[in-house]
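A structural walkthrough
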Amino acid sequence: MKNKSSDNNQQLPTWNTLVWRINTRTKVVSQEPVSSAWSKLGGRGLLARILLDEVLPTCEPLGASNKLIFSPGLLVGHMLSSCDRISIGCKSPLTGGVKEANAGGTTGLHMAALGIKGLILEDQPSSGEWSVIYINSDGVRFDSAKDLIGWGVYESSAYLLERYGTKVAIALIGPGGEMQLASAGIQNLDKEGIPSRIAARGGVGAVMGSKGIKAIVFDSQGSKKPPIAHPEEYKQAQKVYSKALLEHPQTAIYRDYGTAAMTRISNGFGGLPTRNFSRGTFESAENLSGETMRQALLDRKGESNPTHACMPGCTIRCSNIYGNKDGKTIVSPLEYETIGLMGSNLGIADLDTIAQLNREVNDLGLDSIEIGAALGVAVEGGLISFGNGDQVMEFLTQIRRGSPIGRLIGSGAAITGKVLGVIRVPVVKGQAMSAYEPRAIKGTGVTYATSPQGADHTSGLTIRAKVDHLDPKVQVDVSRKAQINMAGYDTLGACIFAGFGFGAASETIRDLLNARYGWQVEADILHVLGKETLSLEREFNRRAGFTSAHDRLPEWMTKEPLPPTQAVFDVTDEDLDSLFNW
Amino acid sequence: MIIVVHLHTILQQGGHNQLEIEMPVGSTIGELMSLLNIGLSLEDIIIAVNNRTANIDQILQEQDVVHFIPAISGG
């Protein structure tokens, strides 16, 4: 292990995969060879391993003992379609447990090209000290960030692209992260340099702010792609996977309609969160649909595009550029989750309004799911009305000002509910649910309850399963399978939607890993990685003080019937507790 | 009897994603699919009737609301 102080660029050894540590107080940087316990992990699995190995699970999340870790997935680095995602993790200031937040964009690719297996930010500087960390193949440098403090994400990233050039990747926080709000995420650039691919959930942005880091600039110019042990076998496996992905009918649907196509689907199952999770259908769901959005963007032309890739080389292109009536970009992307939590959940029936709110939330560097859920709770608390986009914008302005009311909403739905005396709060382990009503899509309710991440749909969405979503007896199996698969994909650095390609050609996961690394893993490697990741996460949470009592939905959702299905969440505690029996 | 049909994404017909269809009493979902020329295999479609998962053998009732969903998207 080499220890270097980093006032100036350091000379690094020739390219190799290494774990990099940066002490944010002393500015000491070191690079270590990857230990055998860590070498067969990446992304979310590696985060869980490092957290368990190095972070006291009872530590203060915004204190010096927590670590913020960036880890590209195992397949990241070669523009394998939809497989260049970055995992960012820590002990969560929102849930108090293990946290992995995941994003597309270009951060993963640049880290892999720099040979960074994992980047671990440790300790914290004295308060008021802010830096931009600049990383290239020559080394690491701390630059001053004092010019940028208080700046929104869009302005900050434009400034950084001018300072460091346009061929870099950037991970940055907005005012939300600077204020260490528990809803703060970390934005990453898409391939056009737009800073809106957010690692959103669980307050990872607050932890970055607690370490005095405004931005990390990854500059891999001059670096080569990571080596491949068996290039011919890799190429062959890549071909099979890419073909399976392109041919899957779901790929074309994502390309044309994006994630917004889910609005009419969840509405059709009575599971679209509406007016603070008080019903599962929204009378204006058509206005918020993927079909409506597609037509609007095609009509508006200009910068609008219903088809857009956030990562270079992605052939799905599920993202979009949402433009106004004059064709000028309002926000990119506008995704289903924001349409749900800041649309139907707030009784807002118009995509233009939601797009403007989304842009503001992006600029603040906040999780639109958590903010939308908090605002829904705030309506019940009497602070705001449903269906009023102007009021929502005013609250976002309060967050930017750091006023007490802004900090309240910015701290998320659970705290907002506690302070305002609202019981109807849609959270598990302190984290807000996303745009799938757990009473109507009970398998996703099981995921919300049991995932070590808290209420998190990306860790195990079940709406695709061909089951009766209202039957409590069949959901645990569905959720278990989904959680194992998702934990596996998150460890590979694969977008969930790549799962369609891998699902149709599952042997390619084994083949790609063996060809890339010279391993000899078996066909079940996705499940092996998924189970290991979940086990590591559960153990961290156990040591942090979590018990099965935390693997439950809020009581009110077990009692209050949800119109129109009149369903309650009635999966038994015993069944929930059996999920991780394997 | 009148059936309200929601066609999702690629199943839209002529730009219409919501239709009212007249069908004989006792018709099944499968017969409705044939009438609408929905050519997707059962693997590639999900069907909901009145907010519940349904299969093609289900017999339809007056004013049933049916969703035909190709594969599934969302995130």
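Residues numbered from 1 in each chain as written. Chains lettered and ligands numbered in written order. Predicted model: local features only at pLDDT ≥ 70, side-chain atom pairs only at ≥ 80, totals over all residues.

Considering the sheet that holds strand 9 (residues 139-144) of chain A
Residue and element names in this part refer to chain A. Sheet architecture is open: six strands sit in the order 9-8-13-10-11-12, paired in mixed fashion. The strands lining the two open edges of the sheet, one partner per strand, are strand 9 and strand 12 (197-199). If you compare each strand with its neighbour and ignore which way they point, the axes differ by 20° on average. Sheet topology note: the strand 10 (residues 169-172)/strand 13 (residues 213-219) ladder contains four bridges and is antiparallel. Residue pairing for strand 13: Ile 170 is matched across the bridge by Val 217. (Pairing = 2+ DSSP bridges. Helix = DSSP H or I, 4+ residues; strand = E, 2+ residues; numbered from the N terminus. Axes fitted to C-alpha atoms, helices over the stretch in contact; angles between N-to-C directions.)

Things to note about helix 2 (residues 43-54) of chain A
Residue and element names in this part refer to chain A. Spanning twelve residues, helix 2 covers 16 Å between terminal C-alpha atoms, matching the ideal 16 Å at 1.5 Å per step. In terms of burial, helix 2 is a largely internal element, nine of the twelve residues being buried. Listing the buried residues of helix 2 in full gives Gly 43, Arg 44, Gly 45, Leu 46, Leu 47, Ala 48, Arg 49, Ile 50 and Leu 51. (Expected span 1.5 Å × (residues − 1). Buried ≥ 20, exposed ≤ 12 C-beta atoms within 10 Å, placed from the backbone.)

What about the packing of helix 2 of chain A against helix 21 (residues 525-544) of chain A?
Angle between the axes and distance between the axes: these two values describe a pair of packed helices. Residue and element names in this part refer to chain A. Packing of helix 2 against helix 21 brings their axes to within 9 Å, and their N-to-C directions diverge by 30°. Read as a crossing pair, helix 2 and helix 21 show a hand that is left-handed. Where helix 2 approaches helix 21, its residues Arg 44, Gly 45, Ala 48, Arg 49, Leu 51 and Leu 52 are matched on the opposing element by Leu 529, Glu 532, Thr 533, Leu 536, Glu 537, Glu 539 and Phe 540. A breakdown of the residues in the contact of helix 2 with helix 21 according to their chemical character gives six nonpolar, two polar and five charged. (Left-handed = near helix turned anticlockwise from the far one by under 90°. Contact = placed C-beta atoms within 7 Å. Nonpolar A, V, L, I, M, F, W, Y, C, P; charged D, E, K, R; others polar.)

Brief notes about the confidence of the model for chain B
Predicted confidence across chain B gives a mean pLDDT of 91, with 95% of residues reaching 70 or more. Taken over the whole predicted complex, pTM reads 0.96, whereas the ipTM for its chain interfaces reads 0.94. (pLDDT = per-residue confidence, 0-100.)

A few points about the pairing of strand 10 of chain A
All names here are of chain A. Of the two faces of strand 10, both are covered, the one formed by Ala 169 and Ala 171 as well as the one formed by Ile 170 and Leu 172. Bridging between strand 10 and strand 11 (residues 186-188) involves two bridges; their strand directions are antiparallel. Within strand 11, the position partnered with Ala 171 by the bridge is Asn 188.

Description of the packing of helix 7 (residues 231-247) of chain A against helix 20 (residues 507-517) of chain A
Residue and element names in this part refer to chain A. Packing of helix 7 against helix 20 brings their axes to within 8 Å, and their N-to-C directions diverge by 155°. Taken as axis vectors, helix 7 and helix 20 run roughly antiparallel relative to one another. Taken as a pair, helix 7 and helix 20 cross one another with a handedness that is left-handed. Where helix 7 approaches helix 20, its residues Glu 233, Tyr 234, Ala 237, Gln 238, Val 240 and Tyr 241 are matched on the opposing element by Thr 508, Asp 511, Leu 512, Ala 515 and Arg 516. Looking at the contact of helix 7 with helix 20 residue by residue, the class counts come to six nonpolar, two polar and three charged. (Parallel < 35°, antiparallel > 145°, perpendicular 65-115°, else oblique.)

Digging into helix 21 of chain A
Residue and element names in this part refer to chain A. Between its first and last C-alpha atoms helix 21 spans 28 Å; for 20 residues at 1.5 Å apiece the expected length is 28 Å, and the two agree. Among the residues of helix 21, Ile 525, Leu 526, Leu 529, Gly 530, Thr 533, Leu 534, Leu 536, Glu 537, Phe 540, Asn 541 and Ala 544 are the ones counted as buried. An end-on view of helix 21 places all buried positions within 160° of arc, on one side of the element. Where helix 21 is buried, its residues meet helix 2, strand 6 (98-103), helix 18 (475-492) and helix 20. (Arc of directions from axis to C-beta.)

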